[in-house]
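If you want the building blocks of each chain, they are given just below.
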Protein chains: 2
Amino acid sequence: MSSDTASDDAARERLIDMAAQFYDQFADGEIPAMELPTRSKSNIVFDEDADVWVYGDRTSTRSANSASGARKLLKAVYTIDFLAQQLAEDRSSTLRELYYLSESWDEEAAQFTNQSESDSLVEDLEIVSGVKREDFHMRPEESGAKVMGPLKIREQTNRGDREIHCQDDVGQGGYQIPNNPDTIEFIDHDTEFVLCVETGGMRDRLVENGFDDEYNALVVHLGGQPARATRRLTKRLHDELDLPVTVFTDGDPWSYRIFGSVSYGSIKSAHLSEYLATPEARFIGIRPADIVEYDLPTDPLSDSDVNALESELEDPRFQSEFWTEQIELQLDIGKKAEQQALASRGLDFVTDTYLPERLTEMGILD
Amino acid sequence: MSSDTASDDAARERLIDMAAQFYDQFADGEIPAMELPTRSKSNIVFDEDADVWVYGDRTSTRSANSASGARKLLKAVYTIDFLAQQLAEDRSSTLRELYYLSESWDEEAAQFTNQSESDSLVEDLEIVSGVKREDFHMRPEESGAKVMGPLKIREQTNRGDREIHCQDDVGQGGYQIPNNPDTIEFIDHDTEFVLCVETGGMRDRLVENGFDDEYNALVVHLGGQPARATRRLTKRLHDELDLPVTVFTDGDPWSYRIFGSVSYGSIKSAHLSEYLATPEARFIGIRPADIVEYDLPTDPLSDSDVNALESELEDPRFQSEFWTEQIELQLDIGKKAEQQALASRGLDFVTDTYLPERLTEMGILD
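All figures in this text were calculated on a predicted structure; none of them were measured in a lab.

## As for the relation of the copies chain A and chain B
Rotating chain A by 180° and moving it 0.0 Å along the rotation axis overlays it on chain B with an RMSD of 0.0 Å. Accordingly, the operation relating the two chain copies is best matched by a two-fold axis. Residue Gln 176 of chain A of chain A places its C-alpha closer to the rotation axis than any other residue of that unit, at 3.3 Å. Counting the interface residues of chain A, we find that 100% of their copies in chain B are interface residues as well, pointing to one common contact surface.

This is the structure we're talking about:
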């Protein structure tokens, strides 16, 4: 049994409300319909105040006034029924399982013809109900990454609660973030700041060098483009524990996008920015300025790197003075560098010199 | 301090021996040289007795009798020096760090020009010394996957030993396999068999349904093509705890290769088959026969699927009656299925029916 039954009940209620709305529309002699924000790229705007992507004002209507519209609502009703039952039984499933499971439904017209259809429907239900997928107990396929640092958590698992200290109770691999990090409660910590790290090699370097221990840093491995679970945990660490969040990646345009997805959210999950994005997150490096300052081994920018940098110059997320300067410098020097390139100055350079210097400049270390 | 200093000392000695050999060759007025198995595909043979890939009889010689040969040996000597020092200091590094680190070496001719050069050299040193990369304290970039089941381990971390029960002391995400699983000692277990699972979605399903608990199964998440650490741990579970190992993947030719790499090793790491491969591992499914028997949702085979199946029919690893029958059946029906397709029979079908039936047929469950 989940101890989070209150939030499960709320999610279930929102789902039933949606189905009830269709019922009421029928009862009133109206054609059932569902209104939701238009989800095209042109209706996604950057909210300058909140510093994240959100939907614009345009809306679309899914109505049963056509055969295809009616089929969409039928699928929505079957899916709502499945999700409500899943919540009542305190179970969960993945998006892919939902797609396959629909083959067992008695009404053939309600079955999904491909997974992108069921994926979009779940996103629609998230948007209309204001309830996150995780609260419907839909698990992502991609799991979250891992954490190491002076933080003690309590996780509700489906076999009881577990209290885990993310240094003392874990192996060298750290604590594995569960698919739904809202099952985690922060119990106690000595953490001064969160350091999100792009690559596994650098994460392992920091852990081997004891950086988390020496600086009371919580090292969160992003593992490339971070999973929802990782971004959600990062946001909660910032909001609930009031910790500064820093992001440490390679020095190339694709890595700046990784930073962007941690801090500003992504276009694909604009309806979840409030839940996933940490606009206060700050970029440590590798900055193009570091490539020059520390004379790092580099690779030349490819054509697609140059294009990506140029499109970042136009991107509302990268309009600050810092980013404009850095991106222009990078286009100017025509080079990129990986975070592990810091090893050219010795294996301890990153933990003894680079990170302490940058964190002091940023005012995070005294 | 590592408590495994005996094996560190042995590895260090082997490295120094190699450098000493060059020295002796110089002293005797010989041109220094290093002999190693020819590492082309044509010199890799399937050892029918051991059921794994191994090198054939042909050898090549790296000699200092040319400028390029001499540079190779110079790089080898610098690398040996670095590795010996790393072992003496009980530190570790990644292959990528070694590449970058070489930029800090005083002798410019010893520096690597690209990472594939340093990667190959480390493989050469593994082969010639008979010491595994992990014992040189070279960590892979890719980390191991995660484990859930009735097993208690003790892991030596660089901040002390940790005792962890892989059900009671971990969250829903399980125990994260460290980069070098030889730092793990098996303390106690109630495990009946090991179940390696390809996808994260299916791993999460088994854990949610409590399959590990009900059947005393150790669920090892492979996460696609398994990392060295995952294959090594699986082999040790088989050899040291005498546990049957089973592999559960999607039903397509690429997944059969995942099974192949767990059980027979891979061509790329033929020199490590003895250390990484578990020839006794058995394939549970999804078998083409399951697609027919359980009427699973399928996708048609693509051209590249058909080519891969046909090349598996020629592959020495798939010459058994079982595999010939199954691959021919699959070419005949022209279909493939994912493991999560079992959800079309309900979310519990895999744990209540499919796996118990298959494991009983295989004689692993009574």
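## A word on the packing of aromatic side chains
Applying the stated criterion across every chain yields a total of 32 aromatic pairs over all chains. Taken together, a centroid distance of 5.4 Å and an interplanar angle of 70° make the contact between Tyr 294 of chain A and Tyr 354 of chain A edge-to-face. Of the two residues, Tyr 294 of chain A is situated in the loop between α10 (288-293) and β16 (299-300) and Tyr 354 of chain A in helix α13 (residues 349-361); the sequence distance between them amounts to 60 residues. You can call Tyr 354 of chain A buried: its relative accessible area is 0%. Aromatic side chains Tyr 256 of chain B and Trp 323 of chain B sit 5.0 Å apart centroid to centroid with 55° between the ring planes, which places their arrangement in the tilted category. One end of the pair, Tyr 256 of chain B, is in helix α8 (residues 253-263); the other, Trp 323 of chain B, is in helix α12 (residues 321-333), with 67 residues separating them in the sequence. Considered together, Tyr 256 of chain B and Trp 323 of chain B belong to a single accessibility category, that of buried residues. Taken together, the aromatic side chains of Tyr 256, Phe 259, Tyr 264, Phe 283, Phe 318, Phe 322 and Trp 323 of chain A make up a single cluster linked through ring pairs. Across from the ring centre of Phe 186 of chain B, 4.7 Å away, lies the NZ or CZ of Arg 236 of chain B, which sits over that ring.

## Digging into the environment of Gly 201 of chain B
The residue Gly 201 of chain B is located in helix α5 (residues 200-208) in this model. Spatially, the C-alpha atoms of Gly 201 of chain B and Gln 339 of chain B are 9.1 Å apart, while their sequence positions differ by 138 residues.

## Some details on unusual backbone geometry
Residues and elements named next belong to chain A. Along the chain, Gly 285 connects to Ile 286 via a cis peptide bond; the corresponding omega equals 5°. Note that Ile 286 resides in the loop between β15 (282-285) and α10. The phi dihedral of Asn 216 falls on the positive side, at around 50°, and the residue is not glycine. Along the chain, Asn 216 turns up in the loop between α6 (211-215) and β13 (217-221). Overall, Asn 216 belongs to the partly exposed group, its relative accessible area being 25%.

## What to know about the domain arrangement of chain A
All names here are of chain A. Partitioning chain A into structural domains gives domain 1 (5-139) and domain 2 (146-361). Placing a centre on the C-alpha atoms of domain 1 and another on those of domain 2 gives a separation of 33 Å. Of the residues lining the interface, 17 residues belong to domain 1; the matching set on domain 2 comes to 20 residues. Here domain 1 and domain 2 share an interface that buries about 1700 Å² over both sides, 62% of which is from carbon and sulfur atoms. Of all residues in domain 1, Trp 53, Lys 132 and Glu 134 give up the largest surface area on contact with domain 2, accounting jointly for 39% of the area buried on that side.

Reading guide: rules and limits
- Residues numbered from 1 in each chain as written.
- Chains lettered and ligands numbered in written order.
- Predicted model: local features only at pLDDT ≥ 70, side-chain atom pairs only at ≥ 80, totals over all residues.
- Heavy atoms only, no water.
- Least-squares fit on C-alpha atoms with pLDDT ≥ 70 in both.
- Contact = heavy atoms within 4.5 Å.
- Phe/Tyr/Trp six-rings, centres within 6.5 Å; stacked < 30°, edge-to-face > 60°.
- Helix = DSSP H or I, 4+ residues; strand = E, 2+ residues; numbered from the N terminus.
- Buried < 20%, exposed > 50% of the residue type's maximum accessible area, 1.4 Å probe, protein only.
- Lys NZ or Arg CZ within 6 Å of the ring centre and 35° of its normal.
- Domains from an automatic or database assignment.
- Buried area = accessible area lost by both parts, 1.4 Å probe.

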